[in-house]
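Below are the chains, spelled out letter by letter.
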Amino acid sequence: MAILTYNMHVSLDGYIEDPAGRIDFSVPDEETHRFSNQQTESTTAFLFGRRLYDVMEDFWTDPERADGDEVEAEFAELYKATPRIIFSDTLDSVADGCRLVRSLDALAEVQRLKRETEGTLAVGGAGLAESLVDEIDQFELIILPTILGGGKPYFPADRRLELVLEEQKRFALSGAMYLRYSVSH
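Report on the accompanying structure. Every value quoted in this text rests on a predicted model; they were computed, and no experiment measured them. (Residues numbered from 1 in each chain as written. Predicted model: local features only at pLDDT ≥ 70, side-chain atom pairs only at ≥ 80, totals over all residues. Heavy atoms only, no water.)

## Some details on the pairing of strand S6 (residues 120–124)
And step 1. Most of S6 is tucked away, with 5 of its 5 residues classed as buried.
And step 2. A two-sided burial pattern is seen for S6, the buried positions comprising Thr120, Ala122 and Gly124 on one face and Leu121 and Val123 on the other.
And step 3. By the bridge criterion, 4 bridges tie strand S1 (residues 3–11) to S6 in an arrangement that is parallel. Bridge pairing links Tyr6 to Val123 in S6.
And step 4. Relative to S6, strand S3 (residues 43–49) runs parallel, the two sharing 5 bridges. (Buried < 20%, exposed > 50% of the residue type's maximum accessible area, 1.4 Å probe, protein only. Helix = DSSP H or I, 4+ residues; strand = E, 2+ residues; numbered from the N terminus. Pairing = 2+ DSSP bridges.)

In structure tokens form, the structure reads like this:
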């Protein structure tokens with residue numbers, strides 16, 4: 001049985017995007033990027049909403065990524081090798097290596113995937129995560145020492161979640177913190 005995890009870079013005040021929708025504050029340094037690469041190695045599939053798919057797919061499948069830095073090139077290869085399931089009601093097609101599922105079918109599809117696969121299913125994007133919050137088994141945050149003062153929150157609003165800290169790691173170069181919480185039932 002697979003576990004569903006929600007993993008994003010987050011500002012210290014809990015946002016994954018600034019008020020203008022930018023994510024430039026979350027560009028990882030080499031240490032956090034290597035850690036993300038390790039996580040990706042054990043990921044069975046990425047589950048993305050449309051907006052995150054557009055950003056990730058265009059960037060990480062660009063052939064120029066291979067000419068970049070070694071850590072980014074490694075992530076690009078891992079990313080392309082990992083199946084990607086895109087939940088969208090507006091897309092008609094997705095890139096090779098991806099599968100399109102209508103957003104209305106997200107809950108049933110994730111429940112099926114959890115039953116029928118092994119490993120980690122990594123959900124990305126606040127809207128998709130909010131729609132699947134009752135299925136999420138663990139929340140993983142890389143908290144960056146940045147205050148945004150507003151934007152798109154990592155956690156759903158008006159929802160109480162009881163969590164148990166399972167793992168933590170401090171990144172020396174950036175001062176970022178990795179926190180992994182399981183859901184307490």
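## Some points on the packing of helix H2 (residues 50–60) against helix H3 (residues 70–81)
And step 1. For the pair H2 and H3, the least separation of the axes is 10 Å and the interaxial angle reads 120°. The orientation of H2 relative to H3 falls into the category oblique. Crossing angle aside, the handedness with which H2 passes H3 is left-handed. The residues of H3 that touch H2, namely those facing Met56, Glu57 and Trp60, are Glu72, Phe75, Ala76, Tyr79 and Lys80. (Axes fitted to C-alpha atoms, helices over the stretch in contact; angles between N-to-C directions. Parallel < 35°, antiparallel > 145°, perpendicular 65-115°, else oblique. Left-handed = near helix turned anticlockwise from the far one by under 90°. Contact = heavy atoms within 4.5 Å.)

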